[in-house]
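Chain by chain, the residues run as shown.
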Amino acid sequence: MSKFSFKQFAPFVILMAVAIFALFIPLLPNFDEGKYSGPDVAFILIAAALVFLMTPGLAFFYGGMVHRKNVLSTMIKSVVAAGVITVLWTVVGFSLAFGDTIGGFIGNPSTFLFFKGVNSGAPHLQGGSDLTIPLSLFAVFQLMFAIITPGLVVGAVAERIRFTSYILFIVLFAIFVYSPLAHWTWHPQGFLFKMGVLDFAGGTVVHISAGMAALAGALVLKRRKSHLEHKEVPPANIPYVLIGTGLLWFGWFGFNAGSALSAGSLAVSAFLTTNTAAGAAGLSWMFFDVARGKKPSVLGFCIGAVVGLVAITPAAGFVSIPSSIFIGAIAAVISNLVVSWKQKTSLDDTLDVFPCHGVGGIVGMLLTGVFATKTVNAAGADGLFYGNAEFFITQLKGALIVIVFSFVVSFIIFKLVNLINPIRVSEEEEELGLDASQHDEKYTQGTLLVEEKAIYIEKNSPITEPI
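Conventions we followed
- Residues numbered from 1 in each chain as written.
- Predicted model: local features only at pLDDT ≥ 70, side-chain atom pairs only at ≥ 80, totals over all residues.
- Heavy atoms only, no water.
- Phe/Tyr/Trp six-rings, centres within 6.5 Å; stacked < 30°, edge-to-face > 60°.
- Helix = DSSP H or I, 4+ residues; strand = E, 2+ residues; numbered from the N terminus.
- Buried < 20%, exposed > 50% of the residue type's maximum accessible area, 1.4 Å probe, protein only.
- Disulfide = S-S within 2.5 Å.
- Core = buried A, V, L, I, M, F, W, Y, C linked by side-chain atoms within 4.5 Å.
- Contact = heavy atoms within 4.5 Å.
- pLDDT = per-residue confidence, 0-100.
- Lys, Arg positive; Asp, Glu negative; His and termini not counted.
- Salt bridge = Lys/Arg side-chain N within 4 Å of Asp/Glu carboxyl O.
- Polar contact = N/O pair within 3.5 Å; in protein donor to acceptor, adjacent residues only side chain to side chain.
- Patch = residues over 30% accessible without salt bridge, like charges linked within 9 Å, V, L, I, M, F, W, Y side chains within 5 Å.
- Areas by Shrake-Rupley, 256 points an atom, 1.4 Å probe, with all protein chains shown as cover.

Student: Outline the packing of aromatic side chains, listing residues and values.
Tutor: This model, assessed by the stated rule, comprises 29 aromatic pairs. When the centroid spacing of 4.7 Å and the interplanar angle of 55° are considered together, the rings of Trp 184 and Phe 405 count as tilted. With a gap of 221 residues between them, Trp 184 in helix α6 (residues 163–186) and Phe 405 in helix α15 (residues 389–420) connect regions that are remote in the sequence. Given a relative accessible area of 6%, Trp 184 falls into the buried group. The rings of Trp 89, Phe 94, Phe 98, Phe 112, Phe 115, Phe 138 and Tyr 178 are connected pair by pair, giving a single aromatic cluster.

And the structure:
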């Protein structure tokens, strides 16, 4: 039996303490006096489920691109966020993001502590107009965004981060990065919201925050041995990447269209801009590769499509459908160039999270400032393309604030986690692979066929028939 360690028991003890404490939260009835729209409720329920589907989609997307010995460890890091963030969001995360504001910077943690009053709460946030859906449905829809955001960071630190340290990072990131940004941007009293920054579905809150955290994580964890030795790491399963792209693309309709928070014309417009930008970006990345002398690739189209989805996220409900073609196409080219630049540096962002999500989110926020039009959404503002330079400057300021905040706080979190528990696996564990060293499991797809072929050759040499 292994030696007793407090670190081994701490996560379980904390979870049990939370579970026991939850028993003493007063149970309140649902608050429904016919104030809600049935179609809107049904639509947002479906949208929330679609956004959740993006998390296993992300697991396939990332898992297919890493080395075979790290497939499972990479996939579980995306999926485990569904457990960690769900509990954390219920306990305090939703309060920090959407509770009564404290100076426009953070929500009061006691407002919805343990979802207190969420079921019975009035259908509005402090200082905001009434929702047509229950507050509890709004809370669960926002939960799905909170789940996938730390999962995005996985791609930058894959193949070398210790699982237990990553769990601690998720918790601290959700509390000190994600929740404040959600409050700033989406709470009616948030300071970016009141400044006039527009982010329809998470260009700042989700993608810039994850991209900058990814950059911080790559710098703190430093380079993998294979990266130092300039070894090419073959993708474990490209069909997984294709499956993941399909799930992400499908789920993104809930991500963006659902952010309209009602089943109306705005949701339809966001749905169409989302699909159009993704298609344009996938083609743009692939054709740009061909123009540079490469062959069209599955990975190229898939990565490009995801970049397009990232870039259109802040703009989806504010720009026209034709504008979304440009946004997707130009974002893919810019991210592609940043990936090429990154490959010439010592930065080891394993799956290019910063160039794709960070840069894609920045491009999307700035192009929202260019192409936003009141014709699409009367609550928005005309952008630079329509003669309003002031709004573009507002978007630029908002993006810069989020970039600096996300990077600095994430860098501190990674350093802090490393002090509490070593964040990087040992050289031996890295060589063995994280599937085995961190989880005592093994990705075996295709392995049995290879082993059986080797046994056949050994028993039947010389070979007289093709295998």
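There is more to say after this.
Student: Report on the state of the cysteines, specifying residues and quantitative values.
Tutor: Here a disulfide denotes a covalent bond joining the sulfur atom of one cysteine to the sulfur atom of another. Applying the stated criterion across every chain yields a total of zero disulfides. The structure places no disulfide on Cys 356, whose sulfur is separated from the nearest cysteine sulfur, that of Cys 302, by 12 Å. Taking the relative accessible area as the measure of exposure, Cys 356 reaches 7% and is therefore buried.

Student: So what's going on with the nonpolar core? Residues and values would help.
Tutor: Membership of the largest hydrophobic core comes to 139 residues, with the highest contact counts inside it found for Phe 61, Tyr 62, Phe 94, Phe 169, Tyr 178, Phe 255 and Phe 414. Ranked by residues supplied to this core, first place goes to helix α5 (residues 135–157) with 16 residues. Other than its neighbours up to four places away in sequence, Phe 94 contacts Trp 89, Gly 99, Phe 112, Phe 115, Val 118, Leu 135, Phe 138 and Ala 139.

Student: Give a detailed account of the confidence of the model for the protein chain, specifying residues and quantitative values.
Tutor: Per-residue confidence for the protein chain averages 92 on the pLDDT scale, and 92% of its residues sit at or above 70. Helix α18 (residues 447–460) is the least confidently modelled element of the protein chain, averaging 52 in pLDDT, while helix α12 (residues 298–312) averages 98, the highest of any element. Confidence drops under a pLDDT of 50 for residues 463–467, and excluding neighbours within four residues, the segment shows four contacts in the predicted structure.

Student: Which residues make up the side chain of Asp 199, and what values do they have?
Tutor: Mapped onto the fold, Asp 199 is located in the loop between α7 (191–195) and α8 (203–221). Here Asp 199 is buried and forms no salt bridge, its nearest opposite-charge partner Lys 397 lying at an N-O distance of 18 Å. Among the polar contacts made by the side chain of Asp 199, one reaches the main-chain amide nitrogen of Gly 202 at a distance of 2.8 Å. Among residues more than four places away in sequence, those in contact with Asp 199 are Thr 185, Trp 186, Thr 204, Val 205, Pro 314, Phe 318 and Met 365.

Student: Tell me what's going on with the environment of Val 404, and back it up with residues and numbers.
Tutor: Looking at the secondary structure, you find Val 404 in helix α15. Among the residues examined, Val 404 registers a relative accessible area of 51% and is labelled exposed. As a C-alpha pair, Val 404 and Ser 209 span 195 residues in sequence and 9.5 Å in three-dimensional space.

Student: Describe the environment of Ala 47, listing the residues and the values that go with them.
Tutor: Position of Ala 47 among the secondary structure elements: in helix α2 (residues 38–63). Residue classification places Ala 47 among the buried residues on the basis of a relative accessible area of 2%. C-alpha separation for the pair Ala 47 and Ala 156, spaced 109 residues apart in sequence, amounts to 28 Å. If we skip the residues at most four places from it in the chain, Ala 47 touches Phe 141, Gly 254 and Gly 258.

Student: Summarise a nonpolar patch on the surface; cite the residues concerned and give the values.
Tutor: Together, Phe 9, Phe 12, Val 13, Leu 15, Met 16 and Val 87 give the surface a local cluster of nonpolar side chains, amounting to about 530 Å² of exposed area. Examining the composition of the nonpolar patch, we find that five residues originate from one element, helix α1 (residues 6–22), more than from any other. By secondary structure assignment, the location of Leu 15 is in helix α1.

Student: So what about the pattern of salt bridges? Which residues, and what values?
Tutor: As enumerated under the stated definition, the model contains nine salt bridges in all. Close ionic contact of Arg 224 with Glu 159 constitutes a salt bridge, the shortest N to O distance being 2.5 Å. Note that Arg 224 is positioned in the loop between α8 and α9 (225–228) and Glu 159 in the loop between α5 and α6, a separation of 65 residues in sequence. Taking the relative accessible area as the measure of exposure, Arg 224 reaches 7% and is therefore buried. For the salt bridge of Lys 231 with Glu 229, the shortest nitrogen-to-oxygen distance reads 3.1 Å.

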